[in-house]
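Coordinate inspection notes
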Amino acid sequence: MRLFRDAFRFQAALTLRSPDTVHVLVTAPLYTVVFMAISRHAHRTDLAAYAVLAPVLMSLWSLALLTAGDLISRERSRGTLEAMVATPASFPVVVLARITAVTTISTVSFVESWLVAWWPFGVVVRVEHPLTLLWCLVLSALAMAGTASAMSALYVLLPTARTLQNSFTYPFYLLGGILVPVSYLPEWLRPLSRLVFLSWSSDLLRSALSPAPVVDELPRLAAIAVLGAAGCAVGGLMITRILRRVRSTGTLART
Amino acid sequence: MTDAVETRSLRRTFPARAGRGGGEIVALGGVDLSIPSGSVRGLLGPNGAGKTTLCKILSTVLLPSSGTASVLGHDVRHETLAVKRSIGVVFGGDRGLYGRLTPRQNLQLWGALYDLHGRALSRRVDELLERVGLSGRARDRVDGFSRGMKQRLHLARGLISDPRVLILDEPTSGMDPVAVRDFRGLIGELTAEGRTLLLTTHDMAEAEAVCDEVTLIDNGVLLATDTPARLAARLSTLERVEADGVADDVLAGLSALSGVSKAHRETGGRVVVHTTTPAATSEVLALLVSAGVTALRTVRPSLEEVYLHVIGDRGMLVSP
Ligand SMILES: Nc1ncnc2c1ncn2[C@@H]1O[C@H](COP(=O)(O)OP(=O)(O)O)[C@@H](O)[C@H]1O
Ligand SMILES: [Mg+2]
């Protein structure tokens, strides 16, 4: 646990100095502006919750994938992978802690997004169920870290997956019900989207902003946790496998 | 004294890269190495000799293909965690650091990876920064550091777990002379504390300056192990004679002797005679003395010459 905390703190320091973070945290409020402008123009200010939440989830997803995408390969090119593997620390725990730091930082975009709705659009998005919101953000950040750690391993095992890195954004924004609710998606896509933790996160976050009482709060939080834990387990297994392979072949790349 | 590091018939191969046909690259071909506890061992060899491969196996990040290796009695293959806890590793180069962070932040991460946390970690980090002379720069970004400073930070990183055995892979590459001198001082301190050091290098002067014993390695094979002085002495065949005031006809006579491999006059007039046997050296000395030459001396080869001789001329193998 202390390893997790220290690795988290380290990555937080590193991420706050990274241009990727700046990029994501600068673009998130711009998306909010776009979505707010559209909803206002359509006279649908009731959609403000979407306009505020979509950029938050987008930055959560994209920053996590950007960082996770080259966490392992960057350690390798920096020459720290071997030294890190030579320490007694559990490498999967270190990876998970570091990605969690990134996802936690990206939840800052919620504040940005909320402020942009308030000024210049003058829409105060009320948080009707603050505890639900908080729990949902925390669990989503953890689930995102689990998913991203699996991605970081995938990129190493299948270098071609890296070329698809950018394609991992919009399809998931859709499946995750970030831009439009899952219920608007074609019937056949819905079961699939239920396997993506983001779809649970985005629904529940919107519920947290809406005055109606939140139904099935615990099962919905549990769905996020379970899908996140599954990502975590897969990521941990894959990273362990990668390390075993590096130790026997002496190289990360598949030959 | 027990051995801190021990390898038996240690072999490591890599599949040959595509394009070079089948077969395999033998990075280490059955290495037997013993490093006594508390000593500084140099591993000296050209690029591609297998030095880094050996360091990686000892630090458990690479598996042996066959044979065994152990650190403080712990097998690198099976007792991985125990080995990891007893060694510190510094892989050379100026990579391996987080440039956007401060040296303190860098060291804090590595300490946490060795299960140091909280105040114990802060204390250890301060102590090490002081020790490698980076206290004054503790709050600056590592990006702006010179290579020598980065190298010292590397060394601090290797020491973070207070390891009994320290493996340094080309630690001084890229250091300026002042940094190298400080580095040597630090090596002295570390051995005074009873640590065992394995230090790879292709710099002869360095091996000669800091190592108790030096092992020559080439093509994955250990060629010889001895103290720098005795390694040189073992190659007494390599002795040479230097003399001033030698006439040309005497020089011609020297060249004609059977045990003389080379006799030439340097700019400045000094004659240097390379001999291949101790008997030849005596003959050369006798001839010079009878020719009335009094300014003469025999010169032991430096480690550098031994190295060039053993590794540069593979036809003449030294029996280990
Ligand atoms: N991961 C690897 N894959 C293939 N060949 C390797 C690998 N690592 C090292 N080698 C080969 O093994 C030999 C020894 O390399 P190395 O131990 O790095 O030498 P040194 O450190 O003495 O320069 C070289 O021929 C090198 O090309
Ligand atoms: Mg090397």
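Only a predicted model underlies this, so the values are computations on that prediction, with no experimental measurement involved.

Surveying the vicinity of ligand 1 reveals 13 residues, the closest of which are Gly48(B), Gly50(B), Lys51(B), Thr52(B) and Thr53(B). Neighbouring residues of ligand 1 are distributed over chains A and B. At 2.6 Å from an oxygen atom of ligand 1 is found a main-chain nitrogen or oxygen belonging to Gly48(B). At 3.1 Å, a backbone N or O of Ala49(B) approaches an oxygen atom of ligand 1.

The domain architecture assigned to chain B consists of domain 1 (3-225) and domain 2 (239-299). Domain 1 of chain B and domain 2 of chain B are separated by 44 Å when their C-alpha centres are compared.

Another point: the pairing of strand S3 (residues 40-44) of chain B. Residues and elements named next belong to chain B. S3 sits mainly inside the fold: five of its five residues count as buried. Note that S3 and strand S8 (residues 196-201) share five bridges and pair parallel. Its bridge partner being in S8, glycine 42 is matched across the sheet by leucine 199. As paired strands, S3 and strand S9 (residues 213-218) are joined by four bridges and run parallel to one another. Bridged to arginine 41 within S9 is glutamate 213.

A cis amide bond links Trp119(A) to the next residue, Pro120(A), at an omega of 20 degrees. With respect to the helices, strands and loops of the structure, Pro120(A) is situated in the loop between helix H6 (108-118) and helix H7 (130-157). You will see that Asp115(B), though not glycine, has its phi angle at about 65 degrees, which is positive. Phi at Asn219(B) takes a positive value of approximately 50 degrees, unusual for a residue other than glycine. Relative to the helices and strands, Asn219(B) is located in the loop between S9 and strand S10 (221-226).

Here we come to the interface of chain B and chain A. Much of the literature gives interface size as the accessible area that the parts lose upon coming together. On the side of chain A, 32 residues touch chain B, which itself brings 33 residues to the contact. A buried area of about 2,900 Å², summed over both sides, lies between chain B and chain A, and 62% of it is on carbon and sulfur atoms. Contact with chain A buries area across many residues of chain B, yet Tyr98(B), Arg100(B) and Leu113(B) alone supply 24% of it, more than any other trio. Two residues, Lys56(B) and Glu82(A), come together in a salt bridge whose shortest N-O distance is 3.2 Å. Counting every contact that joins chain B to chain A gives eleven residue pairs in polar contact (both at pLDDT 80 or more). Those elements giving two or more residues to the side of chain B that touches chain A turn out to be strand S1 (3-15), helix H2 (80-86), strand S6 (87-91), helix H3 (103-113) and helix H4 (118-131) of chain B. In terms of residues, the side of chain B that touches chain A owes the most to one element, H3(B), which gives five residues. Classifying every residue of the side of chain B that touches chain A gives 18 nonpolar, seven polar and eight charged.

Our next topic: the nonpolar core. Leu168(B) and Leu216(B) are the most contacted members of the largest nonpolar core, which totals 157 residues. The dominant element in this core, judged by the number of residues it contributes, is helix H3 (residues 48-78) of chain A, at 16 residues. Core analysis: the next-biggest nonpolar cluster, separate from the first, contains 14 residues, Ala243(B), Val250(B), Leu257(B) and Val293(B) among them.

All right, on to the sheet that holds strand S14 (residues 296-299) of chain B then. Residue and element names in this part refer to chain B. One open sheet holds the four strands; their spatial order is S12-S13-S11-S14, and the pairing between them is antiparallel. Strands with a single pairing partner mark the edges of an open sheet, and in this sheet they are strand S12 (260-265) and S14. Looking at each pair of strands side by side, their axes are set apart by 15 degrees on average, direction ignored. As paired elements, strand S11 (residues 240-243) and S14 share four bridges and run antiparallel to each other. When the sheet's bridge partners are listed, valine 241 is paired in S14 with threonine 298. Along the sheet face, helix H9 (residues 248-256) touches S12 and strand S13 (271-275) and points at about 160 degrees away from the line of S12.

The next point concerns the UniProt feature "transmembrane region" (unreviewed entry) in chain A. Residue and element names in this part refer to chain A. UniProt feature "transmembrane region" (unreviewed entry): in the numbering of this structure it lies at residues 21-41, 47-68, 89-111, 131-158, 170-189 and 221-239. End C-alpha to end C-alpha, residues 47-68 measures 32 Å, and it is 95% helix and 0% strand. Strand forms 0% of residues 221-239 and helix 100%; the C-alpha atoms that close the span are 27 Å apart.

Turning next to the UniProt feature "domain: ABC-2 type transporter transmembrane" (unreviewed entry) in chain A. The feature "domain: ABC-2 type transporter transmembrane" (unreviewed entry), as given by UniProt, occupies residues 21-208 of chain A in the numbering adopted here. Along residues 21-208 of chain A one finds 74% helix and 0% strand; the C-alpha atoms at either end are 26 Å apart.

Quick look at the packing of H3(A) against helix H11 (residues 197-209) of chain A now. Residue and element names in this part refer to chain A. Interaxial distance between H3 and H11 falls to 10 Å at its minimum, and their mutual angle equals 145 degrees. Crossing handedness for the pair H3 and H11: right-handed. Here Ala49, Tyr50, Leu53, Leu57 and Trp61 of H3 lie close against H11, whose contacting residues are Phe197, Leu198, Ser201, Ser202, Leu205, Arg206 and Leu209. Across the contact of H3 with H11, the residue classes break down as nine nonpolar, two polar and one charged.

Residue and element names in this part refer to chain B. Applying the stated criterion across every chain yields a total of 29 salt bridges over all chains. Where aspartate 32 meets arginine 8, a salt bridge forms, and the shortest distance between an N and an O atom there is 3.7 Å. Residue aspartate 32 is found in strand S2 (residues 24-36), and its partner arginine 8 is found in strand S1; the two are separated by 24 residues along the sequence. Accessibility expressed as a relative area gives 37% for arginine 8, which makes it partly exposed.

What follows concerns H6(A). Helical geometry: 3.6 residues make up each α-helical turn, so side chains three or four residues apart lie on a common side. All names here are of chain A. For H6, the complete set of buried residues consists of Ser109, Phe110, Ser113, Val116 and Ala117. Projected onto a plane normal to the axis of H6, the buried residues spread over an arc of 130 degrees and lie on a single side. Where H6 is buried, its residues meet helix H2 (19-41), H3, helix H5 (91-106) and H7.

What follows concerns the state of the cysteines. According to the stated counting rule, one finds zero disulfides over all chains in the structure shown. The structure places no disulfide on Cys136(A), whose sulfur is separated from the nearest cysteine sulfur, that of Cys232(A), by 17 Å. On the basis of relative accessibility, which here comes to 0%, the residue Cys136(A) falls in the buried class. No disulfide involves Cys55(B); its sulfur sits 12 Å from that of Cys211(B), the nearest cysteine.

Basis of the calculations
- Residues numbered from 1 in each chain as written.
- Chains lettered and ligands numbered in written order.
- Predicted model: local features only at pLDDT ≥ 70, side-chain atom pairs only at ≥ 80, totals over all residues.
- Heavy atoms only, no water.
- Near = heavy atom within 4 Å.
- Polar contact = N/O pair within 3.5 Å; in protein donor to acceptor, adjacent residues only side chain to side chain.
- Domains from an automatic or database assignment.
- Buried < 20%, exposed > 50% of the residue type's maximum accessible area, 1.4 Å probe, protein only.
- Helix = DSSP H or I, 4+ residues; strand = E, 2+ residues; numbered from the N terminus.
- Pairing = 2+ DSSP bridges.
- Contact = heavy atoms within 4.5 Å.
- Buried area = accessible area lost by both parts, 1.4 Å probe.
- Salt bridge = Lys/Arg side-chain N within 4 Å of Asp/Glu carboxyl O.
- Nonpolar A, V, L, I, M, F, W, Y, C, P; charged D, E, K, R; others polar.
- Core = buried A, V, L, I, M, F, W, Y, C linked by side-chain atoms within 4.5 Å.
- Axes fitted to C-alpha atoms, helices over the stretch in contact; angles between N-to-C directions.
- UniProt positions renumbered as here; feature names shortened; annotations may be inferred.
- Left-handed = near helix turned anticlockwise from the far one by under 90°.
- Arc of directions from axis to C-beta.
- Disulfide = S-S within 2.5 Å.

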